[in-house]
Structures are given as structure tokens and as C-alpha cells.
Amino acid sequence: MAEVIGVRFKNIGKVYYFDPDGTVLKKGDMVIVETSRGVECGEVAMENCDVPEDKIVQPLKKMIRPANEEDLKRVAENRIREKSAFEICSKKIEAHKLEMKLVDVEYTFDNNKILFYFTADGRVDFRELVKDLASVFRTRIELRQIGVRDEAKMIGGLGICGRPFCCSSFLGGFQPVSIKMAKEQGLSLNPVKISGTCGRLMCCLKYEQEAYLDLLRSTPKVNAVVMTPEGKGVVIDQNLLTGMLKVRLEKAPDAAPQIFNVKQVRLLKDGQIRVDKSELEKLKNLEKN
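The rules behind the values
- Throughout this document, residue positions are counted from 1 along each chain, in the order its sequence is written.
- The predicted origin of the model limits local features to residues at a pLDDT of at least 70 and limits the giving and counting of side-chain atom pairs to 80 or more, whereas totals for whole chains, interfaces and linings rest on all residues.
- Hydrogen atoms and water are omitted, and side-chain values are computed over all heavy atoms in the structure.
- The pairing criterion for strands is at least two bridges between them, as found by DSSP.
- Helix numbering and strand numbering both begin at the N terminus, where a helix is a DSSP run of H or I of at least 4 residues and a strand a DSSP run of E of at least 2.
- Every axis corresponds to a line fitted to the C-alpha atoms, with the helix fit spanning only the stretch in contact, and the corresponding angles, defined between N-to-C directions, vary from 0 to 180 degrees.
- Contacts are residue-level and defined by heavy atoms, with any inter-residue pair within 4.5 Å sufficient.
- Salt bridges, as used here, are contacts in which a Lys or Arg side-chain nitrogen is within 4 Å of a carboxyl oxygen on Asp or Glu.
- For each residue, the accessible area found with a 1.4 Å probe, counting protein chains only, is set against the maximum for its type, and the residue is called buried under 20%, exposed over 50%, and partly exposed in between.

Trainee: Hey, could you go over the sheet that holds strand S6 (residues 101-107) for me, with residue numbers and the actual values?
Mentor: Read across the sheet, three strands follow the order S6-S7-S8 without closing on themselves; strand pairing throughout is mixed. Strands with a single pairing partner mark the edges of an open sheet, and in this sheet they are S6 and strand S8 (140-145). Within the sheet, the average angular offset between the axes of one strand and its neighbour, ignoring direction, is 20 degrees. Here S6 runs beside strand S7 (residues 113-119); their pairing, made up of six bridges, is antiparallel. Bridge pairing in S7 places Glu106 opposite Leu115. Sheet strands touched by helix H2 (residues 127-137): S6, S7 and S8. Its angle to S8, the strand with the most contacts, is close to 140 degrees. Sheet contacts for helix H3 (residues 148-155): S6 and S7; angle to S6, the most-contacted strand, approximately 60 degrees.

Trainee: Break down the pattern of salt bridges for me, with residues and values.
Mentor: For side chains of opposite charge, pairing can occur when their charged atoms come near one another. If you walk through the whole model with that rule in mind, you get 14 salt bridges. Among the salt bridges present, the one from Glu184 reaches Lys180, with a minimum N-O distance of 3.9 Å. Highlighted residues: Glu184 and Lys180, both in helix H5 (residues 179-184), separated by four residues, approximately one helical turn. Under the relative-accessibility criterion, Glu184 is labelled buried at 10%. The partner of Asp214 in a salt bridge is Arg217, and the shortest N-O contact between them spans 3.5 Å. Here Asp214 pairs with Arg217, and both are found in helix H7 (residues 209-218), just three residues apart, close to one helical turn. Of the residues examined, Arg217 reaches a relative accessible area of 65% and is grouped as exposed. Each of the salt bridges in this network shares a partner with another, and the network as a whole consists of Lys113, Glu142 and Arg144.

Trainee: Describe the pairing of strand S11 (residues 244-249), and please don't skip the residues or the numbers.
Mentor: Covered by surrounding structure in S11 are Leu245, Val247 and Leu249 only, the residues Met244, Lys246 and Arg248 on the alternate face being uncovered. Where strand S10 (residues 231-239) folds back onto S11 in an antiparallel hairpin, the turn is made up of four residues, including Gly243, whose phi is positive at roughly 75 degrees. Here four bridges tie S11 to strand S12 (residues 258-261), and the two strands are oriented antiparallel to one another. Bridge assignment links Met244 to a residue of S12, and that residue is Asn261.

Trainee: I'd like a description of the sheet that holds strand S2 (residues 15-18), backed by residues and values.
Mentor: Spatial strand order, S2-S1-S4-S3-S5: five strands in an open sheet with antiparallel pairing. Each edge of the open sheet is held by one strand with a lone partner, namely S2 and strand S5 (65-66). Here six bridges tie strand S1 (residues 2-8) to strand S4 (residues 38-51), and the two strands are oriented antiparallel to one another. Within S4, the position partnered with Val7 by the bridge is Val44.

As C-alpha cells, then:
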């Protein structure tokens, strides 16, 4: 076991482990640490605790020091510089007529580098833009292309549920979401209904997936052959949450389907949940990052 603290560098971002070097810190404290990008100021998201060695990415770097007033002043000044840099870069992008959208600007704590985050439909030749920005800011410039999910996380907003985006309010990272999940949860494969504001599959499809998979193990699927109190039939619709099945009876194929509870039927041959190639081709862009 090793004593660590968890440090976050963005409001809602990944938590990284550091050695507190004997200092007891509280959640919300600001600390100065060394990262792969250089010296950074971050917020303590997890107080001192012991973590198994196999959960730590080695080498575990020591915290440099708790942030002082001068450090916090520099962070505040960097936030002001970022706004100015955003306006300047936006004008430069327009001047160079580049097909890219600037999303965010970030100064490193030591001011040795400025990172410009942008989105674009394809690859962008921004070499001249980098030279132009370097001549203005006189420091290292890095342009980083991000996906639409990352853009939504940085900018924030309200989802179709009326609540702030999950990615910008509590999700530390993105979980893989697939069209098959929507199919298994009985959702309409309508892009408008299963995609978020970012234009990709809603992250919340992942939340209840395990519960739906558990229900699917005990519930006959659509096209399953079952034995009911009224005889053999085929499941044409199901409600996983209520356990109700709509069954077309073999003895009366032209009659209206009858409704049975899952406990009233016996499975003879189960159906399969498949995503047709035509459906997948039509919706494949929703799975992209």
C-alpha cells in the first residue's frame, strides 16, 4: 500500500495520484505538482489515503508543495490570459481561412506552453497558424484536435433531460456506448432520441445497461417461442421493466396478440437481439468519439 492524494486539473476531469510527501491535505486544497506537461497547479479531489501498489501508475511523483497566494494569483492571471489568447487565435484562424473551430485555450502553470483545443471535420494544416501564434505569444504553442464529446465536456450545456451534461458535471471520462445497448434497452433507433447534444450516443445509455442485461437473461426476447396458458406462441413485443409480454398465439395467428406476465410463460426457443447492417450503417456516426 502507498499513501497518495488524488489531484484534478480541470473542473470535471480525470483524477491523478501523487505522493503527498508527508503533508496532510483536505479536499479542495490547491497543490503544485509535476506532470508530463510540466509543473501544474491542481485541486485535491481525494484526500490522503492508502492505495494498493498495483492501482498506481509508476513512477508515483511527489507533490512539490501546497499552493500559496502567489501561485493562486498566477492561476487567476492565466485564466485572464486564456480569454485574450482565445480571441487572438480566433482572429488568426479566420485570417488563415482554416476549417476549424476553436473550443478552448489553456495556459500551463509555468507559462511555458499554450494549448489550443479545436474541432474539425478532418485533418487541418495549421503549421502557418502555429508560426503566427508563436510570434505573438513568444512561447511554445500546441494545437490539439479533439472530438465533439470533448467539446461538449469543455463547453457544457443542458441535455434533453433538462439537466447539465453528465460529461461536464460529474463524468471523469467517457465510457464506450453502442447502438446495441439502445437496441437491448428497447429504445427507438431514432438518432434524435438516442443522441446527445454532441451528436453522439447519450452517455446515460451506459448507466442502466447491466440492469437491462440482467432482465434479458430472464425475459424471452422478441421472436422467442414460448408456451403460455393459452398454448404455444411467438413473442412480438416485450416490456423488460414490467415483465409483460405480447404474444401472438400459434392457434390464432390472425387474432389480436395476448398479454402475459413473464412468470406465466415457459421459454421453448429464445430470440436474438441483432442490429441490422442497414441500421448500423445509418447510425454508425453516433458511436464515434
